[in-house]
Amino acid sequence: GLAVGMGVGQVLLVFLAASRVMPMKDPLLNICMDAKHHKTKPGPEGMLHGQCSPWKDNACCTANTSSEAHKDQSNLYNFNWNHCGVMPPKCKRHFIQDTCLYECSPNLGPWIDQADSSWRRERILHVPLCREDCEEWWEDCKDYVTCKENWHKGWNWATGTNRCPWGSMCRPFSQIFPHPKDLCEKIWSNSYKYTTERRGSGRCIQMWFDPAQGNPNVVVAKYYAWKKRTSPAGQEEVAAGTGQAARALPWPVLVLLPLLLGGAGGCGPHGWGSL
């Protein structure tokens, strides 16, 4: 009995020493969601294309995904921006940027949500978008026309790409989305949440940023991960996320759990799918 006790004691001492050197990794930070084109974990991607290049130091997307994100009819999701005539470039750049954020950002962990669907495992929900990012998106797109408020579902996919459903009319964005909040929250089934927080506040996610100043979304993810852990509701969510049994496990086992449990691929930007 004594030898076993000493053995356990030594193992605990090793773990305690390791914990001083290696603080526990936050499972909500610096991660990629389990979706169609995402890498399993973030890392440098020197060749990211165009508007996705701000993420090149640490990205969840590959160079190929970043170049596809810029095409009118990309192979990523067979999604056609020009379903009601040609989308003007000043508007389209916001949709490209939105795709780059979704595909490339390693800072969306606090808002990754399990998707109960056969064609995707995870999506983002209620990401707090900076006021300027949402308002500029709406301003630059308000004169474009579309036939749908929610671009996630309900399209006619008979030809293999999205077309307006039968009986729907193409109307100005400003009619379908009267306010910036409507656009940002409704177009991708609440992937984003409109906020009055400003860029640089550390309280909202920026779609647009200058990589020379570093990625401002790193501190935002840290803040919301901390908030999720410290609020009662957040603690329940985190516990549910790691599995009920995990709460009773010592932290070294928790650290090893993600390594033991692998992940596999799902589907699309904000979870586009033809279903």
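The protein goes by Folate receptor alpha in an unreviewed UniProt entry, where it is assigned to Chaetura pelagica. Here the protein is described in UniProt, under the heading Sequence similarities (unreviewed entry), as follows: "Belongs to the folate receptor family."

*Asks:* Looking at this model, I keep getting lost on the environment of Arg171. Mind explaining?
*Replies:* On the secondary structure map, Arg171 appears in strand E5 (residues 171–172). Linking Arg171 and Cys84, residues 87 residues apart in sequence, is a C-alpha distance of 8.6 Å. Discounting chain neighbours no more than four positions away, the residues touching Arg171 are Tyr144, Val145, Thr146 and Ile176.

*Asks:* I keep staring at the packing of aromatic side chains and nothing clicks. Help me out?
*Replies:* Centre-to-centre distance and the angle between the planes together describe a pair of aromatic rings. For the coordinates displayed, the defined rule picks out 19 aromatic pairs. Ring centres of Trp81 and Trp151 lie 6.4 Å apart, and the angle between their planes is 40°; on these two criteria the pair is classed as tilted. With Trp81 in the loop between helix H2 (63–68) and helix H3 (89–104) and Trp151 in the loop between strand E4 (145–146) and E5, the pair connects residues that are 70 residues apart, well separated along the chain. Comparing Trp81 with Trp151 shows no difference in burial state: the two are buried. A ring pair is formed by Trp151 and Phe173, whose centres lie 6.0 Å apart and whose planes are at 85°; its orientation type is edge-to-face.

*Asks:* Is there a simple way to explain the environment of Arg123 in this structure?
*Replies:* Along the polypeptide, Arg123 turns up in strand E2 (residues 120–124). Look past the residues within four positions of Arg123 in its chain and what remains in contact with it is Met33, Trp111, Ile112, Asp113, Ala115, His152, Trp188, Ser189, Asn190 and Ser191. Looking at Arg123, its side chain comes within polar contact range of the main-chain oxygen of Trp188, at 3.3 Å.

*Asks:* Please clarify how the side chain of Asn150 should be interpreted in this entry.
*Replies:* Summarising the element assignment, Asn150 is placed in the loop between E4 and E5. By relative accessible area, which is 17% here, Asn150 ends up buried. Within the structure, the side chain of Asn150 is placed 2.7 Å from the backbone nitrogen of His152, a separation counted as a polar contact. A polar contact is formed between the side chain of Asn150 and the side chain of Ser189, at a distance of 3.1 Å. For Asn150, the contacting residues outside a window of four places in its chain are Lys186, Ile187 and Ser189.

*Asks:* Looking at this structure, I do not really get the pattern of salt bridges. What am I missing?
*Replies:* Side chains bearing opposite charge may pair, as long as their charged atoms lie close to each other. Taken as a whole and assessed by the stated rule, the structure comprises 13 salt bridges. Among the ionic pairs, Asp140 bridges to Arg93, the shortest N-O distance being 3.3 Å. Taken together, the positions of Asp140 in helix H4 (residues 131–141) and Arg93 in helix H3 put the pair 47 residues apart, joining distant regions of the chain. Bridged by salt links that share partners, the residues Asp133, Glu136 and Arg199 form one connected network.

*Asks:* Looking at this model, I keep getting lost on the layout of surface pockets. Mind explaining?
*Replies:* Unfilled space is identified by rolling a water-sized probe across the atoms. Considered as a void within the structure, the second largest pocket measures approximately 210 Å³ in volume. If you trace the second largest pocket, you find 15 residues lining it, with Asn58, Pro106, Asn107, Asn215 and Val218 closest to the centre. Taken together, the residues of the lining of the second largest pocket sort by class into eight nonpolar, five polar and two charged.

*Asks:* Help me understand the environment of Leu76 in this model?
*Replies:* Locating Leu76 in the fold gives a position in the loop between H2 and H3. Each C-alpha atom, one on Leu76 and one on Lys36, is 8.6 Å from the other, the two residues being 40 residues apart in sequence. When sequence neighbours within four positions are dropped, the list of residues in contact with Leu76 reads Lys36, His37, Thr65, Glu68, Ala69 and Thr99.

*Asks:* Can you walk me through the nonpolar core in this structure?
*Replies:* Nonpolar side chains in soluble globular proteins tend to end up buried together. Residues Phe95, Trp137, Trp151, Trp188 and Tyr192 are the most contacted members of the largest nonpolar core, which totals 52 residues. At the level of elements, H3, strand E3 (127–129), H4, helix H5 (173–176), helix H6 (180–186), strand E6 (192–194) and helix H7 (217–230) are the ones that each hand at least two residues to this core. Here this core takes seven residues from H3, the largest share from any one element. Apart from residues lying up to four places away in sequence, Trp137 is in contact with His94, Phe95, Asp98, Leu129, Leu183, Cys184, Ile187, Trp188, Tyr192 and Met207.

*Asks:* I keep staring at the state of the cysteines and nothing clicks. Help me out?
*Replies:* Two cysteines whose sulfur atoms are joined by a covalent bond form what is called a disulfide. Using the criterion set out here, one finds eight disulfides in the structure. Covalent S-S linkage joins Cys32 and Cys60, the inter-sulfur distance amounting to 2.1 Å. Taking the torsion about the sulfur-sulfur bond, which here is approximately -90°, the covalent link between Cys32 and Cys60 counts as left-handed. Residue Cys32 is located in the loop between helix H1 (2–21) and H2, and its partner Cys60 is located in the loop between H1 and H2; the two are separated by 28 residues in the primary sequence. The exposure classification of Cys32 matches that of Cys60, with both residues buried. Between the sulfur atoms of Cys147 and its disulfide mate Cys164 the distance is 2.1 Å. Between Cys147 and Cys164, the disulfide has an S-S torsion of -90° and is therefore left-handed. Separated by 17 residues along the polypeptide, Cys147 in the loop between E4 and E5 and Cys164 in the loop between E4 and E5 bring together distant segments of the chain.

How each quantity is defined
Residues numbered from 1 in each chain as written. Predicted model: local features only at pLDDT ≥ 70, side-chain atom pairs only at ≥ 80, totals over all residues. Heavy atoms only, no water. UniProt positions renumbered as here; feature names shortened; annotations may be inferred. Helix = DSSP H or I, 4+ residues; strand = E, 2+ residues; numbered from the N terminus. Contact = heavy atoms within 4.5 Å. Phe/Tyr/Trp six-rings, centres within 6.5 Å; stacked < 30°, edge-to-face > 60°. Buried < 20%, exposed > 50% of the residue type's maximum accessible area, 1.4 Å probe, protein only. Polar contact = N/O pair within 3.5 Å; in protein donor to acceptor, adjacent residues only side chain to side chain. Salt bridge = Lys/Arg side-chain N within 4 Å of Asp/Glu carboxyl O. 1 Å grid on protein atoms, 1.4 Å probe; cavity = no way out; pocket = protein on both sides within 12 Å on 5 of 7 lines; lining within 4 Å. Points joined across faces, edges and corners; volume = space filled by probe spheres on them. Nonpolar A, V, L, I, M, F, W, Y, C, P; charged D, E, K, R; others polar. Core = buried A, V, L, I, M, F, W, Y, C linked by side-chain atoms within 4.5 Å. Disulfide = S-S within 2.5 Å.

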